[in-house]
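# Close look at the chain arrangement
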Amino acid sequence: QVQLVESGGGLVQPGGSLRLSCAPSGNIFSINAMGWYRQAPGKQRELVATITSGGTTNYADSVKGRFTISRDNAKNTVYLQMNSLKPEDTAVFYCNAVVTINTGSNSYTLNTWGQGTQVTVSS
């Protein structure tokens, strides 16, 4: 019922910038919160940034001052602007959304994940 399509990953040099996008699709009634997580090889998936429906943001300490999460409420799309990228930012980035879906007869709240997009920071 719900898909999160991510885009914007790629290869960038240290100090460079990338912007990730996450576009939900499906019978979404509302989105409670959206966020970005990342997982590097051999490491657990970790929170990068989140944003609530009210616009409240939260960032991992490692990205504060460098990354900015934002939403286009009309499109239900979330973005992650990443500046001053470091090699340790290299990971697969996953979009996450806690959504309420409308099936026509019922509604449900689901925790939904995108397929991931690779971000590589290397010289």
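Because the structure is a prediction, the values reported are computed rather than measured.

## Observations concerning the side chain of N96
Here N96 shows up in strand β9 (residues 91-102). Polar contacts involving the side chain of N96 include one to the side chain of N111, which spans 2.4 Å. Apart from the residues lying within four places of it in its own chain, the contact partners of N96 are L4, A33, M34, G35, Y37, N111, T112 and W113.

## A word on the pairing of strand β4 (residues 28-39)
A regular strand places its side chains so that they alternate between the two faces of the sheet. Pairing of β4 with β9, which is carried by 10 bridges, proceeds in the antiparallel orientation. Across the sheet, the residue bridging to Y37 is Y94, located in β9. When β4 meets strand β5 (residues 46-52), the two strands line up antiparallel, connected through six bridges. Within the sheet, the bridge partner assigned to G35 lies in β5 and is T50. Linking two consecutive strands that pair antiparallel, namely β4 and β5, is a turn of six residues; a positive phi of about 80 degrees is found at G42 within it.

## Remarks on the packing of aromatic side chains
Scanning the entire structure with this criterion turns up one aromatic pair. We note R45 situated over the ring of W113; from NZ or CZ to the ring centre the distance is 4.6 Å.

## Some remarks on the pattern of salt bridges
Taken as a whole and judged by the stated rule, the model has four salt bridges. Notably, a salt bridge pairs K64 with D61, separated by 3.0 Å at the nearest N-O pair. Among the ionic pairs, R66 bridges to D89, the shortest N-O distance being 2.8 Å. On the criterion of sequence distance, the pair formed by R66 in the loop between β6 (57-59) and β7 (67-72) and D89 in the loop between β8 (77-82) and β9 is long-range, its members being 23 residues apart. Each member of the salt-bridge network shares a partner with another, and the members are R38, E46, R66 and D89.

## Describing the state of the cysteines
Taken as a whole and judged by the stated rule, the model has one disulfide. The disulfide partner of C22 is C95, and the S-S distance across this bridge is 2.0 Å. On the sign convention where negative means left-handed, the S-S torsion of about -85 degrees between C22 and C95 marks this disulfide as left-handed. Within this pair, whereas C22 is found in strand β3 (residues 18-26), its partner C95 is found in strand β9, the two being separated by 73 residues in sequence. Of the two residues examined, C22 and C95, each falls in the buried class.

## Things to note about unusual backbone geometry
With a phi close to 55 degrees, N76 is a non-glycine residue in the positive phi region. Examined against the element boundaries, N76 turns out to sit in the loop between β7 and β8. Look at N76 and you get partly exposed, because its relative accessible area is 25%. With phi around 50 degrees, S84 is a residue other than glycine that occupies positive phi space. Tracing the sequence through the fold places S84 in the loop between β8 and β9. For S84, a relative accessible area of 41% puts it in the partly exposed group.

Cut-offs applied
Residues numbered from 1 in each chain as written. Predicted model: local features only at pLDDT ≥ 70, side-chain atom pairs only at ≥ 80, totals over all residues. Heavy atoms only, no water. Helix = DSSP H or I, 4+ residues; strand = E, 2+ residues; numbered from the N terminus. Polar contact = N/O pair within 3.5 Å; in protein donor to acceptor, adjacent residues only side chain to side chain. Contact = heavy atoms within 4.5 Å. Pairing = 2+ DSSP bridges. Phe/Tyr/Trp six-rings, centres within 6.5 Å; stacked < 30°, edge-to-face > 60°. Lys NZ or Arg CZ within 6 Å of the ring centre and 35° of its normal. Salt bridge = Lys/Arg side-chain N within 4 Å of Asp/Glu carboxyl O. Disulfide = S-S within 2.5 Å. Buried < 20%, exposed > 50% of the residue type's maximum accessible area, 1.4 Å probe, protein only.

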